[in-house]
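# Results of the structural survey
This is what each chain is made of:
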Amino acid sequence: MNETKGPIEDGNWPTKLQARVVEPGPHPRVQGFDVHGDLGVHYRFTDIVLLALTSDLDEKAGAALDTAMAFACPIDVADAPSHAAVVARLCGSRTSGIVAVAATTVAEQSRALIDEHEMLLPRLAIGSLNGMAAKFAARSETERESVASLRRALGAFVSRVPSLGYDLRLDTAIIAVLFACGLRTRDKLELAFTLARLPIACAEAFAAPVGAFGGYPMNTPTFDYEVKS
């Protein structure tokens, strides 16, 4: 029988993966910067995240990213990622399973959030939300106060986020800050929200006792069932 070959078998393929961000070895580098001798000693983790994603080591942007991710991180047990992670914990899942459930759900939540804001991204590039600001306006006075706290926490960096001059809801304001930090594509924005919220969802799960279904709300609404012919 003749061996059948095709374009994959006959192709001239490379034998090694190409490293584009991390140079491996005893002294690994991220975007050319020594991790053990420089980044890990002198910089925050968020600086390294920003460097990996943008090729730019901007300490002011790294500090602003710290602030934005802190404001983005709180998701409570009523949010799908934390709830799903808690259920996985109650069912006795191993840590890897809990983290996988939380990561998948947080990533989907982040995707939906950026989907909602996708039309706004070109406006953020020019710093003007005219005609769109009302759609993303703060939904309560409490939310306005949170956005005001974000502005204050950013300090001088706020001048690099002109969109914060509008009356924005909190998640929109956070996206504007992330954009100003250099995270200007939807994949990077989704990653930022996922990184911010994943530890919180996992922490909520780890705080729940394994198998403690007695504390889980099992009551469901009453349904009326109808038989249709």
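Here the residue numbering is sequential within each chain, running from 1 through the sequence in written order. Two thresholds apply to this predicted model, a pLDDT of at least 70 for residue-level local features and 80 or more for giving and counting side-chain atom pairs, whereas whole-chain, interface and lining totals are computed over all residues. Neither water nor hydrogens contribute to the side-chain values; these are computed over all heavy atoms in the structure.

### Description of the overall build of the protein chain
Across its full length, the protein chain holds 10 helices and three strands. Numbering of helices and strands runs from the N terminus, with a helix taken as a DSSP run of H or I at least four residues long and a strand as a DSSP run of E at least two residues long. Start at the N end of the protein chain and walk to the C end: the helices and strands fall as α-β-β-β-α-α-α-α-α-α-α-α-α. Note on method: radius of gyration uses C-alpha positions; expected globular size equals 2.2 Å times residues raised to 0.38. By the compact-globule yardstick of 17 Å for 229 residues, the protein chain is too spread out, its C-alpha radius of gyration being 23 Å. Each principal axis of the C-alpha atoms in the protein chain carries an extent, and together these give about 65 × 65 × 40 Å.

### Some points on the side chain of Thr 194
Tracing the backbone through its elements, the reader meets Thr 194 in helix α10 (residues 186–206). Whether two residues are in contact is decided by their heavy atoms, any of which lying within 4.5 Å being enough. Setting aside chain neighbours within four positions, we find Thr 194 in contact with Ala 103, Val 106, Ala 107 and Ser 110.

### Things to note about the packing of aromatic side chains
Aromatic contacts are taken between Phe, Tyr and Trp rings whose centres are within 6.5 Å, Trp giving its six-membered ring; a plane angle under 30 degrees counts as stacked, one over 60 as edge-to-face, and the others as tilted. The tally for this structure, following the rule as stated, stands at zero aromatic pairs. Both a distance and an angle decide whether a charge sits over a ring: NZ of Lys or CZ of Arg must be within 6 Å of the ring centre and within 35 degrees of the ring normal. Sitting over the ring of Phe 136, Lys 135 keeps its end group 5.7 Å from the ring centre.

### Looking at the nonpolar core
By size, the foremost hydrophobic cluster in this structure holds 39 residues, and its most contacted members are Val 177 and Leu 178. Contributing elements (two or more residues each) for this core: α3 (45–54), α4 (59–72), α6 (95–117), α7 (121–126), α8 (141–154), α9 (170–180) and α10. Among the elements that take part in this core, α9 stands out by supplying nine residues, more than any other. Not counting the four nearest positions on each side in its chain, Val 177 is found in contact with Ala 64, Ala 68, Leu 150, Leu 154, Val 161 and Leu 164. As used here, the term nonpolar core means buried Ala, Val, Leu, Ile, Met, Phe, Trp, Tyr and Cys residues forming a set that is joined through side-chain atoms within 4.5 Å. Exposure categories follow from relative accessible area, calculated using a 1.4 Å probe and restricted to protein chains: below 20% of the type maximum is buried, above 50% is exposed, and the middle band is partly exposed. Core analysis: the next-biggest nonpolar cluster, separate from the first, contains nine residues, Ile 75, Ala 85, Ala 102 and Ala 205 among them.

### Quick look at unusual backbone geometry
A positive phi angle, near 50°, is found at Gln 31, a position not held by glycine. Note on placement: Gln 31 falls in the loop between β2 (29–30) and β3 (33–34). Its identity is not glycine, yet Ser 55 carries a phi of approximately 65°, on the positive side. The residue Ser 55 is located in the loop between α3 and α4 in this model.

### Quick look at the packing of α8 against α9
At a minimum axis distance of 9 Å, the contact between α8 and α9 shows a crossing angle of 20°. Classed by the angle they form, the pair α8 and α9 counts as roughly parallel. Note that α8 runs across α9; the crossing there is right-handed. The segment α8 lies against α9, with Glu 143, Ser 146, Val 147, Leu 150 and Leu 154 engaging Leu 170, Ala 173, Ile 174 and Val 177. Interaxial angles span 0 to 180 degrees and are taken between N-to-C directions of axes, which are lines fitted to C-alpha atoms, for helices over the stretch in contact. Angle categories are assigned with fixed cut-offs, so that under 35 degrees is roughly parallel, over 145 is roughly antiparallel, 65 to 115 is roughly perpendicular, and the rest are oblique. Take the far helix as your reference; a near helix turned counterclockwise from it by less than a right angle gives a left-handed crossing, and one turned clockwise gives a right-handed crossing.

### Things to note about the confidence of the model for the protein chain
On average, residues of the protein chain score 92 in pLDDT, and 96% of them are at 70 or above. As a per-residue measure, pLDDT tells how confident the predictor is, with possible values from 0 to 100. Considering each helix and strand of the protein chain separately, the mean pLDDT is smallest for helix α1 (residues 7–10), with a value of 76, and largest for α8, with 98.

### Regarding the environment of Glu 116
On the secondary structure map, Glu 116 appears in helix α6. Overall, Glu 116 belongs to the partly exposed group, its relative accessible area being 36%. As for Glu 116 and Thr 105, which are separated by 11 residues in sequence, their C-alpha atoms are 17 Å apart. Those residues in contact with Glu 116, other than ones at most four positions away along the chain, are Phe 136 and Arg 169.

### Digging into α8
Take the number of residues in a helix, subtract one, and multiply by 1.5 Å to get its expected span. An ideal rise of 1.5 Å per residue puts 20 Å on 14 residues; α8 measures up with 20 Å between its terminal C-alpha atoms. Contact partners of the buried residues in α8: α4 and α9.

### So, the side chain of Asp 34
Along the chain, Asp 34 falls in strand β3. His residues and chain termini do not enter the charge count, which takes Lys and Arg as positive and Asp and Glu as negative. Any Lys or Arg side-chain nitrogen located within 4 Å of an Asp or Glu carboxyl oxygen qualifies as a salt bridge. No salt bridge is formed by the buried Asp 34, whose closest oppositely charged neighbour, Arg 29, lies at an N-O distance of 4.8 Å. Here a polar contact means two N or O atoms within 3.5 Å. Within protein one must be a hydrogen donor candidate and the other an acceptor candidate, and residues neighboring in sequence count only if both atoms are side-chain atoms. A polar atom in the side chain of Asp 34 sits 3.1 Å from the backbone nitrogen of His 36. Setting aside residues up to four positions removed in sequence, Asp 34 forms contacts with His 27, Pro 28, Arg 29 and Leu 39.

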